[in-house]
Amino acid sequence: MSGAKEKKRAKKMRNQPASVTLPAEPGPFLGGGSRAGPPSGDVHSEQQYQQQKFSNQSSGSSYRKDQYFPKGQKRGERGRGRGGWQGGHQSVSDMPKYITVSTFAQARAAEINAMLKAVTQKSSNSLVFQTLPRHMRRRAMSHNIKRLPRRLQEIARKEAEKAVHQKKEQSKSKCRKARRRHINLVAEFNRRQRKNIWLETHIWHAKRFHMVKKWGYCLGDTPTEKSYRACYRAMTNHCLLQDLSYYCCLELTGKENELLKQLARLCSTDTGLTFEEACCLSGKYEGLVTLYQADHYPEDMLGPVTFIWKPRDGSENRQLWIWMHPALKQDILRELKAIFQCSEPEKISVPEPATTSIQEEKQLDVVQGLGKKRKKEDKEGEEAVPVKKIIGDGTRDPFQSYSWISQTTGIVISDRTMEILRYRLIGPLSHSVLTETLKAASLQTEMADSETELNKWWVENCKDSEKISLHQRQSAIFELLEGLSSPSQMPPGTILGLTVGDPRVNLPKQKTKAMPDFEKYQDNDKVRQLYLKGVPVDCAHSFIWDQDICKNVTENKISEQDLNHMRAQLLVPGSHLDLGPRESKIPILLVQQPGKVAGEDRPGWGSGWDIYLPKGWGMAFWIPLIYRGVRAGGLQEALKHSEYQRTPHIPNDFPDCRAGMQFAKELETSLLEKFKRRPPAKRANYVKLGTLTPFICPWGQLTKNWEGRIKASGEFVCPSSSHPECCATVGHRFCDPEAKLIKEASTETGEIEAAMEVTTSEGTLKTEDVRGTQDLGERDNTMTSDFVVLRSERLLMQLAAWCYPTAGKDRRVRLISQLGQKEITEDVFLPILMSYPRALVWVKLSLLRKGNPELHAMICIPTEDDLLHLGKDKLFCGPQEPKHPDIFKHKVQKLKEEKKKKKKDNTKALEGDSPNVLDKETTEESEDLILGLWADVLPDVTSHCSRTLLGYVTRGDFSLAAGCGEALGFVSLTGLVYMLYNQPADKKGLVLLRTPASLQYRFARLNIEV
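The notes below deal with the structure included here.

Cut-off values and rules
Residues numbered from 1 in each chain as written. Predicted model: local features only at pLDDT ≥ 70, side-chain atom pairs only at ≥ 80, totals over all residues. Heavy atoms only, no water. Helix = DSSP H or I, 4+ residues; strand = E, 2+ residues; numbered from the N terminus. Buried < 20%, exposed > 50% of the residue type's maximum accessible area, 1.4 Å probe, protein only. Areas by Shrake-Rupley, 256 points an atom, 1.4 Å probe, with all protein chains shown as cover. Salt bridge = Lys/Arg side-chain N within 4 Å of Asp/Glu carboxyl O. Lys, Arg positive; Asp, Glu negative; His and termini not counted. Contact = heavy atoms within 4.5 Å. Core = buried A, V, L, I, M, F, W, Y, C linked by side-chain atoms within 4.5 Å. Phe/Tyr/Trp six-rings, centres within 6.5 Å; stacked < 30°, edge-to-face > 60°. Lys NZ or Arg CZ within 6 Å of the ring centre and 35° of its normal. Polar contact = N/O pair within 3.5 Å; in protein donor to acceptor, adjacent residues only side chain to side chain. Pairing = 2+ DSSP bridges. Axes fitted to C-alpha atoms, helices over the stretch in contact; angles between N-to-C directions. Parallel < 35°, antiparallel > 145°, perpendicular 65-115°, else oblique. Left-handed = near helix turned anticlockwise from the far one by under 90°. Nonpolar A, V, L, I, M, F, W, Y, C, P; charged D, E, K, R; others polar.

### Some words on the overall build of the protein
Reasoning step 1: A tally of regular secondary structure across the protein gives 32 helices and 29 strands.
Reasoning step 2: For the protein, buried positions account for 47% of its 1010 residues.
Reasoning step 3: Carbon and sulfur atoms form 51% of the exposed surface of the protein, whose accessible area is close to 54600 Å².

See below:
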């Protein structure tokens, strides 16, 4: 036998069962092989042979490997070495003379079973028709089993049945026409807003805006087109439209005295208006108030809210709407339920939630099985196409209660979020847009259709002469708005109730820009009385306060399809559609927004109107407003609007509330991830730049360091005997720990409130707060701040007078005397600092020269040399920070080298299931050490750089309104007083700004606008 044939035979024998063996010595057996057997004539050896054979069968692959290749023989040597077969001739002496039939038959039976199993079992993923030779394959075999040979048809049939069970159920609506059917669209939209609720204008925004998911909603962030300057021009010259329907509304109903008694605990008169303000209590004006936890002012801030009282109607119960940002809702709702003791729900019901995914699938199955029309039968058996259900906001579980009642006082708290829609018009021509879009409803005394309840509430109210007279007065005042040049001419927060017709009827043929009518700009007495005295109290009444009327208006709205069908039946296409008594009547509420009220420049900028609507009418009002030439804005435009007004934005600029802290954490995480995505060589080394925290503002560390800095230097310290009022405080957390009894002395009112603080032996204070007998519940103190933001109007006006910019000699003295404020002396500012040792102040900064402030830029105090250099050189933009050494660079490099070395030397340990403790520590250390970031405990942030740190910037950019770089931020109250006290008279209010990724300081003017 040739060498090639020997190789081929060896390859075949390699896959034979264990019972087939080759002898150790050559012997002929059927063409070159031999069957192993016992020596002849020995019974005992024959038994040993049988035992050895059965043990070889169970030995597995190791025996099979050795049985063909003896020791010292490799695979490549098979068939060529001694001891094997050579040339196909072997001795016959080793042939077995006899065999045991039963054992031999068992071995052959096992071989046959293995062969049959290998034949019947499919060893690949290919189908039956794919195993056929290529010349026998046909395309039709994949779907027609009868095309296969008969011997394979049964196997193919089983494969087809198995594939049907494994195949996922495909959606029955495959084509676009089926997907675009109304019922399928509604089901799909409801499924997609399970996690993040859509506003009624969502689809319109999704086609034109970048959408973001925030606070449980899907909101438009910024337009996809270039519109940064266009939106500013709209706010300045024309009108900008925003959808604020995601704002949350809590309605409080109960006796006026009970409401005012408990709500007074949540606010303070130091910050401005309260719920008891007479002009707001009458329902004539909207109020703005900052809420705190009950009896905790100035600590534990909840957030700013706006409120509207329903005008008195003769009943002892009053209604109050409190509007708030969705990030603040849960904290405020929890506090309201605590102070009013509203623990039990008024009724446990579901506020018509959107259908869940399981319900939607069942509905789709039922609907699609009914036939081509795909209509759904309701409970009464009538065929009806389901409409999109409007549900509550995303910050509330729709299956939980949305109304709570107090068993002791009877006060009811209702969550009316998304029940009332809210649009905001910003700009000087917003009232022109309103008067063109909305028309006062016509009177109606008879029902248009007795079968429906369309306008039934309006017909009943039109039978009352007093209500008809009120509607006519409201309509006359609404028409007078065209005689105003700007909404800022109206008193701030003016409320006007109105009932209007369907705005879709007055839709223009094409988009037109609403412009004022100059003929109506005449100086008549009515217009003058309107902006001097405002809207009368009775004209602030609106039917939108009645939930039954709002429900009737929402349910009986004429659909767009019916409206278009009526337009198609007009004799003259494009002419005005007069619905007559079938026209819907919608109650709305107009609330004036005052715009910029603080500061001297641009008074009234950004003023406008808020429109409150019943739900379901969102797009019916949105499209007519868009057709009047307004520009739509998103979240970024709202941020810029507040930035140009220089007011804090929610929740970005409220670091002392839980929502602000959560926002800061999320912002730090996103900025850090963005920093890590950049290559190490392209990152800014903030350690060398002297920036300790480039992604977050350490307000607590800043205020703490300033407090320790003043105590260590000994400045601003006065004997307790000479200034006993300097130890006055409002909160127990911010008092001097060495004081035994601390009192709050008000120089204006003369009221003294004891805080009852006792010093223990360890030097800590125990405070006994008198909170009444009501249990406020357990408060979650996981996110509490060790600082406060100064919001006292009296103190802010004093600080604003001290840092007012000066242009001439002694101008500051004249201004301070005109404002009635005192000069900056120790007797004046020491009581303030002792009351608020760890406080922040909201400031505005304007750059003197070029420069663009950025987020988290540092506000620093200039040295005397910097001020002297600026006095000599007016073009001096600012000093430079010297480079800092990177003390963590060697640690990072060493850790990286150790990591590489360990990866090479210890690959087995890394691949193991349980890594060493040292590896875990190294991993944690590598996560903490990032090249360019401070990886240790923060040092004193005020003295880390060459210029003393005063505060941080929370928002900064080039201002189109001011024409220079402007920034908004917070500074330490102690540091601000320290700087103003030591600065020269002609340089007061000058600070230095430095962005986190730069060494260049730039001069800026600091102002406090109240």
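### Quick look at the pattern of salt bridges
Reasoning step 1: In this structure the tally under the stated criterion is 32 salt bridges.
Reasoning step 2: For glutamate 707, the salt bridge identified is with lysine 711, shortest N-O distance 3.6 Å. With glutamate 707 and lysine 711 both in helix 24 (residues 699-713), this residue pair falls 4 residues apart, about one helical turn.
Reasoning step 3: Several salt bridges converge on common partners, so that one network encompasses Lys596, Asp601, Arg602, Arg646, Glu966 and Glu1009.

### Here we look at the side chain of aspartate 221
Reasoning step 1: Here aspartate 221 lies in strand 3 (residues 217-223).
Reasoning step 2: Despite its burial, aspartate 221 pairs with no opposite charge, the nearest such side chain being lysine 214 at 5.3 Å.
Reasoning step 3: Excluding residues within four positions of it along the chain, aspartate 221 makes contact with Phe209, His210, Val212, Gly634, Leu635, Gln636 and Glu637.

### Focus: helix 10 (residues 256-263)
Reasoning step 1: When helix 10 is considered as a whole, its buried residues turn out to be Glu256, Leu259, Leu260, Gln262 and Leu263.
Reasoning step 2: Close packing links the buried residues of helix 10 with strand 5 (248-255), helix 11 (278-281), strand 7 (301-309), strand 8 (317-324) and helix 12 (329-339).

### Comments concerning the nonpolar core
Reasoning step 1: Counting residues in hydrophobic clusters, the biggest one holds 122 residues, and the most contacted among them are Phe275, Leu336, Phe340 and Leu973.
Reasoning step 2: Element by element, the count of residues in this core is highest for strand 24 (residues 839-847), at 7 residues.
Reasoning step 3: Beyond its immediate stretch of four places on either side in the chain, leucine 973 contacts Leu790, Leu799, Ile832, Leu833, Tyr836, Ala839 and Val841.
Reasoning step 4: Within the second largest apolar cluster, 45 residues are counted, among which are Leu241, Trp458, Leu498 and Ala632.

### A short note on the packing of aromatic side chains
Reasoning step 1: Across all of its chains, the model carries 30 aromatic pairs by this definition.
Reasoning step 2: Seen from their ring centres, phenylalanine 189 and tryptophan 198 are 5.4 Å apart, and the 50 degrees between their planes marks the pair as tilted.
Reasoning step 3: On the basis of relative accessibility, which here comes to 18%, the residue phenylalanine 189 falls in the buried class.
Reasoning step 4: The exposure class of tryptophan 198 is buried, given its relative accessible area of 7%.
Reasoning step 5: Between tryptophan 617 and phenylalanine 621, the aromatic rings sit 6.5 Å apart at their centres with planes inclined by 80 degrees, giving edge-to-face as the arrangement. Each member of the pair, tryptophan 617 as well as phenylalanine 621, carries the same accessibility label: buried.
Reasoning step 6: Pairwise contacts between aromatic rings join Trp204, Phe209, Tyr423 and Trp622 into one cluster.
Reasoning step 7: Above the face of the tryptophan 617 ring, lysine 557 is positioned so that its terminal group lies 5.5 Å from the ring centre.
Reasoning step 8: It is arginine 602 that lies over the ring of tryptophan 605; its NZ or CZ is 5.6 Å from the centre.

### A short note on the environment of cysteine 657
Reasoning step 1: Within the secondary structure, cysteine 657 sits in the loop between helix 21 (635-645) and helix 22 (658-677).
Reasoning step 2: Remark: the alpha-carbon pair of cysteine 657 and valine 788, spanning 131 residues in sequence, is separated by 9.3 Å.

### Side note on the side chain of threonine 691
Reasoning step 1: Looking at where threonine 691 falls in the secondary structure, it is placed in the loop between helix 23 (686-689) and helix 24.
Reasoning step 2: In terms of polar contacts, threonine 691 uses its side chain to reach the backbone carbonyl oxygen of proline 996, at 2.8 Å.
Reasoning step 3: Ignoring any residue separated from it by four or fewer positions in sequence, one finds threonine 691 in contact with Tyr686, Met858, Arg994 and Pro996.

### Some remarks on the sheet that holds strand 2 (residues 209-214)
Note: strands within a sheet are paired through backbone hydrogen bonds, in either parallel or antiparallel orientation.
Reasoning step 1: One open sheet accounts for 3 strands, arranged 1-3-2; its pairing is mixed. One side of each edge strand has no neighbouring strand; the edge strands of this open sheet are strand 1 (197-198) and strand 2.
Reasoning step 2: Relative to strand 3, strand 1 runs parallel, the two sharing 2 bridges. Looking at strand 3, one finds that isoleucine 197 is bridged to tyrosine 217.
Reasoning step 3: On the sheet, helix 21 packs against strand 2 and strand 3 and is oriented at approximately 70 degrees with respect to strand 3.

### Topic: unusual backbone geometry
Reasoning step 1: The amide bond that connects tyrosine 297 to the next residue, proline 298, takes the cis arrangement and shows omega of 5 degrees.
Reasoning step 2: Within the fold, proline 298 resides in the loop between strand 6 (287-292) and strand 7.
Reasoning step 3: A cis amide bond links isoleucine 650 with the next residue in sequence, proline 651, at an omega value of -5 degrees.
Reasoning step 4: Relative to the helices and strands, proline 651 is located in the loop between helix 21 and helix 22.
Reasoning step 5: At glutamine 341, a residue that is not glycine, the phi angle is positive and equals roughly 55 degrees.
Reasoning step 6: A relative accessible area of 33% means that glutamine 341 is categorised as partly exposed.
Reasoning step 7: Unusually for a residue other than glycine, asparagine 455 sits at a positive phi of about 60 degrees.
Reasoning step 8: Position of asparagine 455 relative to the elements: it lies in the loop between helix 14 (430-437) and helix 15 (456-462).

### With respect to the environment of alanine 598
Reasoning step 1: Examined against the element boundaries, alanine 598 turns out to sit in the loop between strand 16 (585-593) and strand 17 (608-614).
Reasoning step 2: Along the backbone, alanine 598 and arginine 646 are 48 residues apart, and their C-alpha atoms lie at a distance of 8.2 Å.
Reasoning step 3: Excluding residues within four positions of it along the chain, alanine 598 makes contact with Glu1009 and Val1010.

### Structural notes on the pairing of strand 17
A regular strand carries its side chains on alternate faces of the sheet.
Reasoning step 1: For strand 17, the tally of buried residues reaches 7 of 7 residues, placing the bulk of the element in the interior.
Reasoning step 2: In terms of strand pairing, strand 16 meets strand 17 through 5 bridges, oriented antiparallel. From the neighbouring strand, valine 591 faces strand 17, where its bridge partner is aspartate 610.

### Looking at helix 20 (residues 618-626)
Reasoning step 1: With respect to burial, helix 20 is a largely interior element, 7 of its 9 residues being buried.
Reasoning step 2: Residues of helix 20 that are buried include every one of Gly618, Ala620, Phe621, Trp622, Pro624, Leu625 and Ile626, and no others.

### Observations concerning the packing of helix 9 (residues 228-237) against helix 21
Reasoning step 1: As a packed pair, helix 9 and helix 21 sit with axes 11 Å apart at the nearest point and diverge in direction by 55 degrees. Taken together, helix 9 and helix 21 sit at an angle that is classed as oblique. Between helix 9 and helix 21 lies a crossing whose hand is right-handed. In this structure, helix 9 contributes Tyr228, Cys231, Tyr232 and Met235 to the contact, and helix 21 contributes Glu637, Lys640, His641 and Tyr644.
Reasoning step 2: Residue classes in the contact of helix 9 with helix 21 are distributed as 5 nonpolar, 1 polar and 2 charged.

### Some words on the sheet that holds strand 4 (residues 240-243)
Reasoning step 1: The strand order across the open sheet built from 6 strands is 15-16-17-14-4-18, with neighbouring strands paired in mixed fashion. In this open sheet, the two edge strands, each paired with only one partner strand, are strand 15 (495-501) and strand 18 (631-632).
Reasoning step 2: Bridge count between strand 4 and strand 18: 2 bridges; the pairing is parallel. In the sheet register, leucine 241 faces strand 18, and the bridge partner there is alanine 632.
Reasoning step 3: Packed onto the sheet, helix 18 (residues 547-555) meets strand 16 and strand 17 and runs at close to 115 degrees relative to strand 16.
Reasoning step 4: Helix-sheet contacts for helix 20 involve strand 4, strand 14 (420-426), strand 15, strand 16, strand 17 and strand 18, and the interaxial angle to strand 14 is about 10 degrees.

### A closer look at the pairing of strand 7
Reasoning step 1: For strand 7, a buried count of 9 out of 9 residues is recorded, marking the element as mostly surrounded by other parts of the structure.
Reasoning step 2: Across 6 bridges, strand 6 lies against strand 7 in antiparallel orientation. The residue bridging tyrosine 292 from the neighbouring strand is methionine 301, located in strand 7.
Reasoning step 3: Note that strand 7 and strand 8 share 4 bridges and pair antiparallel. What sits directly across from threonine 306, in strand 8, is tryptophan 323.

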